[in-house]
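As a plain string of letters, each chain reads:
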Number of protein chains: 4
Amino acid sequence: MNSFGRKYRVSIFGESHGGAIGVVLDGVPAGIPLCEDDFMADLARRKSGQRGTTPRKESDQPVILSGLFNEKTTGAPLTVVFANENTLSGDYRNLVTHPRPSHADWVALQKYHGYADYRGGGHFSGRLTLGLVVAGVVAKKILKEISISSRILEIGGCTDSERWPDIVETAMKETDSVGGIIECRVENVPVGLGEPFFDSAESIISHLLFSVPAIKGVEFGDGFASARLRGSQNNDPIIAPSGQTSTNHAGGICGGITNGNPLVVRVAVKPTASIASPQQTLNTATGKVEELRIKGRHDACIALRAPVVIESAVAIGLADLWLLNR
Amino acid sequence: MNSFGRKYRVSIFGESHGGAIGVVLDGVPAGIPLCEDDFMADLARRKSGQRGTTPRKESDQPVILSGLFNEKTTGAPLTVVFANENTLSGDYRNLVTHPRPSHADWVALQKYHGYADYRGGGHFSGRLTLGLVVAGVVAKKILKEISISSRILEIGGCTDSERWPDIVETAMKETDSVGGIIECRVENVPVGLGEPFFDSAESIISHLLFSVPAIKGVEFGDGFASARLRGSQNNDPIIAPSGQTSTNHAGGICGGITNGNPLVVRVAVKPTASIASPQQTLNTATGKVEELRIKGRHDACIALRAPVVIESAVAIGLADLWLLNR
Amino acid sequence: MNSFGRKYRVSIFGESHGGAIGVVLDGVPAGIPLCEDDFMADLARRKSGQRGTTPRKESDQPVILSGLFNEKTTGAPLTVVFANENTLSGDYRNLVTHPRPSHADWVALQKYHGYADYRGGGHFSGRLTLGLVVAGVVAKKILKEISISSRILEIGGCTDSERWPDIVETAMKETDSVGGIIECRVENVPVGLGEPFFDSAESIISHLLFSVPAIKGVEFGDGFASARLRGSQNNDPIIAPSGQTSTNHAGGICGGITNGNPLVVRVAVKPTASIASPQQTLNTATGKVEELRIKGRHDACIALRAPVVIESAVAIGLADLWLLNR
Amino acid sequence: MNSFGRKYRVSIFGESHGGAIGVVLDGVPAGIPLCEDDFMADLARRKSGQRGTTPRKESDQPVILSGLFNEKTTGAPLTVVFANENTLSGDYRNLVTHPRPSHADWVALQKYHGYADYRGGGHFSGRLTLGLVVAGVVAKKILKEISISSRILEIGGCTDSERWPDIVETAMKETDSVGGIIECRVENVPVGLGEPFFDSAESIISHLLFSVPAIKGVEFGDGFASARLRGSQNNDPIIAPSGQTSTNHAGGICGGITNGNPLVVRVAVKPTASIASPQQTLNTATGKVEELRIKGRHDACIALRAPVVIESAVAIGLADLWLLNR
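Residues numbered from 1 in each chain as written. Chains lettered and ligands numbered in written order. Predicted model: local features only at pLDDT ≥ 70, side-chain atom pairs only at ≥ 80, totals over all residues. Heavy atoms only, no water.

S.K.: Which residues make up the sheet that holds strand β3 (residues 20-26) of chain A, and what values do they have?
M.R.: Residue and element names in this part refer to chain A. Strand order in the open sheet made by the five strands is β1-β2-β3-β7-β4, with antiparallel pairing throughout. Of all the strands in the sheet, just β1 (3-4) and β4 (63-66) have a single pairing partner and so form its edges. Here six bridges tie β3 to strand β7 (residues 78-83), and the two strands are oriented antiparallel to one another. What sits directly across from leucine 25, in β7, is leucine 78. Along the sheet, helix α4 (residues 129-143) contacts β2 (9-14), β3 and β7; its crossing angle with β3, the most-contacted strand, is approximately 30 degrees. (Pairing = 2+ DSSP bridges. Helix = DSSP H or I, 4+ residues; strand = E, 2+ residues; numbered from the N terminus. Contact = heavy atoms within 4.5 Å. Axes fitted to C-alpha atoms, helices over the stretch in contact; angles between N-to-C directions.)

So this is what it looks like as structure tokens:
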């Protein structure tokens, strides 16, 4: 469903071209200083604008509807909404007759028996991640001394960050798109977060990460590489009463429980599905395959905007586990 | 917590050396033919016995305590338990004073303030996956015509299956262990499983997969490789009214929703943490680092026994999504 | 928490004097015709205005923010908000220093460590039931042919409905308040709603009813009176293959499961806590007991406005059970 | 479903005449001293044996399967089972063809499409409350200094406890049954338990109480009587910084939140549905109404055995709210 969390529960609503998108945060402890400005830095990180991101500009102005009093959280649900402004009113019917490859257009219409709001991806739009960013800002305030950061490791298969602008530019020129890999790292994680059997720290965090559109892989610590190591190489010897290990192949999670070492998680972001190059797709009216040319404003590399969203998802999961574990 | 699922809810309990381990399955539709023998084939796949797996032999005899009448499910909770038999009564106190690297020993004692049952890994033991296998068998019966299979892709970094016995044998001789990569594939998946925003098919399945001990990475379709493709390479054109796509880079999930194509997921299994080679670890009594030699019976390659467990986790997730979506 | 429901999940947010109050409805099936006007009839039933209800007038105009497209539900979360308009800006600090007897003022400040929004009762205000009414309207649309109605049985201990205006008028003149008893009746209930062990139809419905402010008792069928009957008097013989019983002492629920007979539930509404008569309360600043005189606009008999709220709570519970049981 | 609770989660399984009935308790804090004997006092209170209760004798011996180590809880799920011993092997098919009035026989077979285990009421049997009693014993240990007690207020409509044996005896002689009213009272309740909007203390407790078979009404404090009081009579003035009120019409819950005063709740227990007197019921094979004579061993007054069950349900709810609120 559109909610997640046992003690810090995040509920997301809205569609790309509806009245508003927003988020309700339940379980926020009372007394946390907060104002709308507190969201702006992370919202800016998510914003389009740089080369390779969509030229659709939204003010993305958060409005707090509930849960705040005298600039502090009250303990009641915190609701934040964003009006949808820059919605081009063009004809979106072609998303019904010609569903875009690797978009949710077709599955959404099937799942909701033709009633889904298909404009701009509707409820499946990446715009919904605005709510995740808001929830992440509050989560980071809940987590206080725990620090979370994320960075791009790869764009278009390349790890050399100086070449990324060229890679994106080239993809744009060729009316194509590229993906990327993002790493999120958390320092000062308390020992003991995560719950057996089903709510391992990895389970909770991956659940949230795979909610983010375009994520196709999640790995912790050495992840897939650890499957190619021997036990003697992969094991992390404990070397201090704090639980510090001399290596951190496990990425800070052992038996599903945080062990006090830095939590390290990486995600694979697929290349943007919206490309201007001609593609084949089904004409749902005729049942025949036809050529599709997607127009409009798109990100050539959504991974450029994803780090703050990944960071937010991780923060949300940790905030819930932390509140549960107190 | 130790439960997962909204309509098909699986609850796991037990410890490696306690009275019994077991599972309660809530939400099982009434009228499904079932008997204890139905579990034996999948339990056998999980069993040790082949080279490279632990010589600890358990009869692993499932006993159905509730939820069955006249050899059919009743709609009431189905409870299955396994007595713990072959528990060596040796002194396990050294797991407290000398926690094994990359095992849950240390985090469990921290999390539960010294009260965790540490014998044989206690509640963190891989033995708990017996309950997953039981839940998977029932899930597959719920899913009827959906077919789920899994296979090993790599052992110790090698994709040539003929070399796997040698790789495992060598690791054993060198008192070491190896990991592996397992792929699970689901055919005849209905369109529309998965729920926005947070309960994407990938979210639910990864949540369950990361509950399985030793799993450190999960990817769908091309996964991490898709981050290195261009959109024009990674997109899957829809070519038939059934939703069939000409390629399946997405692994059957688009926008978090199954699109009717085969669901493909891969997991990374880390090398077994228990190795006989000497390792460093903390003496928790003295606070000093000492050499540890783990004795006892262990799997040199747990990945050999994992395919049925991975398959079960996927089946559980799909059964829940399927029952929700009816 | 502020959410309830497994398949039809209702999340309530807002405070009496904050920016807005609202509700998010998750799990609404796609394709249900809906517009803002559909809420007006039930909202009008909840409105103040008649004698004995508060003169605070709000336009109570629902605004649908998400989940609707082409005047039909989309399957995505349906969000409805109400701006808070008629909020007197007076000094509410006296609710902190002099908590009103039998109001949530004191417990809210304790629970939220002084950070609760106390203005007009904040998140504990009866105004939050606007969200319940909205959720009830949608629930009734989900339930289609099931018909739900409610009526007042007693006001101020009197069952003669012609005397109620006098009773309320007299209470007002004497700066006092009265309570009442409301009965909700559901016809055409399908057999089989309710889930053992914990989610009996009575459990789900009472859970929702006791969320409504001022409700202090809930009984089904003959309720407390059945405790004074003999089994031979209280048993309901089944007399038709439909499950029809010759009597309905059980109120349509047997073993926690609906049996196809009319569901009957009654609630006790306590007299409004806000009365203009002088009362004793604690001065939280001095720790001494002082006389309190509550000013402002209040309902002398909140039971007059409650039937639609009770009906909504019952409809929400049944919609969830019905969607779970399909 | 058969689970309840967010942090202290109780899962009930079993049928009256199956292999065993039992309970899994998840979220039990580690380190609580516990052994099987600790359950015996409360199990004895629930036991039959006194006049007016069923002569079916079971040893009701709890067996702890998991979650205990060195006589202390481990933090892992605590599982307790009871073997079903004294099951008469008679022909129960008549419960299918002639469902007992006001029993779950008919609804169970409808709901589960004929597959329910109908022997002795199956999963709807009062025997399942053994699990509640176990969960209640552990809940009371979690709640430590909070003290919970319950007592019978009425049997067969009579409040004079000295006459109760005669009332029950007479009912038995006349092959009939009687109901009763039970009050549960909790002292030393912390301020602040209960969560707006939906998880008021009354909502959580009534949810659990209405799970208990035969409960048809629940009221807090003055309950239905408060609907007949005026506000000036019903309000509870706060008279001390602890939150103490001079009266306690609210039964210790204000705005859905505990206010530190004694929590008082009453339930109506209907007369036992199983009576030996002839009754009318449907012959489901012929569709005709016939006379039914129930044989076997039954309680003439189940209310005599209910106080400990009611107390347990209240304890479970408070333990969950208390753990959530820490």
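After that view of the structure, there is still more to cover.
S.K.: Tell me about the relation of the copies chain A and chain B, residues and numbers included.
M.R.: In the superposition of chain A on chain B (RMSD 0.0 Å, axial shift 0.0 Å), the rotation amounts to 180 degrees. Taken together, the rotation and translation describe the operation of a two-fold axis. Most of the interface of chain A is mirrored in chain B, where 100% of its interface residues again form contacts. (Least-squares fit on C-alpha atoms with pLDDT ≥ 70 in both.)

S.K.: Outline the packing of aromatic side chains, supporting the account with residue identities and numerical values.
M.R.: Counted according to the given criterion, the structure contains 18 aromatic pairs over all chains. With a centroid separation of 6.0 Å and an interplanar angle of 65 degrees, the aromatic rings of phenylalanine 224 of chain A and phenylalanine 224 of chain B are classed as edge-to-face. One end of the pair, phenylalanine 224 of chain A, is in the loop between β10 (215-220) and α7 (231-234); the other, phenylalanine 224 of chain B, is in the loop between β10 (215-220) and α7 (231-234), on a second chain. For phenylalanine 224 of chain A, a relative accessible area of 7% translates into the label buried. (Phe/Tyr/Trp six-rings, centres within 6.5 Å; stacked < 30°, edge-to-face > 60°. Buried < 20%, exposed > 50% of the residue type's maximum accessible area, 1.4 Å probe, protein only.)

S.K.: Tell me about the pattern of salt bridges, and name the residues and values.
M.R.: Applying the stated criterion across every chain yields a total of 80 salt bridges over all chains. In this structure, the salt-bridge partner of aspartate 117 of chain B is arginine 119 of chain B, at a minimum N-O distance of 2.9 Å. Relative accessible area serves as the criterion here: at 5%, aspartate 117 of chain B is assigned to the buried category. Between glutamate 183 of chain C and arginine 266 of chain C there is a salt bridge; the shortest N-O distance is 3.0 Å. Here glutamate 183 of chain C is found in strand β9 (residues 180-187), whereas its partner arginine 266 of chain C is found in strand β13 (residues 263-269), with 83 residues between them in sequence. There is no split in this pair, since glutamate 183 of chain C and arginine 266 of chain C are both buried. Overlapping salt bridges bring together Asp42, Arg45, Lys140 and Glu311 of chain A as one network. (Salt bridge = Lys/Arg side-chain N within 4 Å of Asp/Glu carboxyl O.)

S.K.: Let's hear about the side chain of serine 150 of chain B: which residues, and what values?
M.R.: All names here are of chain B. Here serine 150 is to be found in strand β8 (residues 147-155). Within the structure, serine 150 has its side chain in polar contact with the backbone oxygen of proline 307 (distance 2.8 Å). Contact partners of serine 150, with chain neighbours within four places excluded, come to Arg45, Ile182, Glu183, Cys184, Pro307, Val308 and Glu311. (Polar contact = N/O pair within 3.5 Å; in protein donor to acceptor, adjacent residues only side chain to side chain.)

S.K.: Account for the packing of helix α6 (residues 201-209) of chain C against helix α8 (residues 307-325) of chain C, with residues named and values stated.
M.R.: Residue and element names in this part refer to chain C. Two elements in contact, α6 and α8, have axes whose closest approach is 9 Å; the angle formed by their N-to-C orientations is 140 degrees. In terms of their interaxial angle, α6 and α8 are classed as oblique. Classified by chirality, the crossing of α8 by α6 is right-handed. Contact with α6, carried on its side by Ala201, Ile204, Ile205, Leu208 and Leu209, involves Ile310, Ala313, Val314, Ile316, Gly317, Leu318 and Leu321 of α8 and no other residues of that element. (Parallel < 35°, antiparallel > 145°, perpendicular 65-115°, else oblique. Left-handed = near helix turned anticlockwise from the far one by under 90°.)

S.K.: Residue-level account of the sheet that holds strand β3 (residues 20-26) of chain C, with values.
M.R.: All names here are of chain C. Pairing is antiparallel across the open sheet formed by five strands, whose spatial order is β1-β2-β3-β7-β4. Of all the strands in the sheet, just β1 (3-4) and β4 (63-66) have a single pairing partner and so form its edges. Direction of pairing for β1 relative to strand β2 (residues 9-14): antiparallel, over a ladder of two bridges. The residue of β2 that forms the bridge with phenylalanine 4 is valine 10.

S.K.: Describe in detail the interface of chain A and chain B, supporting the description with residues and values.
M.R.: Chain A puts 99 residues into the contact, and the matching count from chain B is 99 residues. When chain A packs against chain B, close to 7800 Å² is buried across both sides, 61% of that on carbon and sulfur atoms. The interface formed by chain A and chain B holds ten salt bridges in total. The salt bridge involving glutamate 174 of chain A is made with arginine 230 of chain B; its shortest N-O contact spans 2.5 Å. Remark: the boundary between chain A and chain B carries 57 residue pairs in polar contact (both at pLDDT 80 or more). Of the residues in the side of chain A that touches chain B, the class split is 46 nonpolar, 38 polar and 15 charged. (Buried area = accessible area lost by both parts, 1.4 Å probe. Nonpolar A, V, L, I, M, F, W, Y, C, P; charged D, E, K, R; others polar.)

S.K.: Run through the interface of chain C and chain B, naming residues and quoting values.
M.R.: Taken residue by residue, the interface counts five residues in chain C and five residues in chain B. Along the contact surface separating chain C from chain B lie zero salt bridges. Across the chain C-chain B interface, the total number found is three residue pairs in polar contact (both at pLDDT 80 or more). A per-class count over the side of chain C that touches chain B returns one nonpolar, no polar and four charged.

S.K.: Before we move on, could you go through helix α4 (residues 129-143) of chain B and cite the residues and values that matter?
M.R.: Residue and element names in this part refer to chain B. Taking 1.5 Å of rise per residue, the 15 residues of α4 would be expected to cover 21 Å, and the 20 Å separating its terminal C-alpha atoms lies within 8% of that figure. Most of α4 sits inside the fold, with 13 of its 15 residues counted as buried. Among the residues trailing α4, lysine 144 stands out with phi positive, at a value near 45 degrees. (Expected span 1.5 Å × (residues − 1).)

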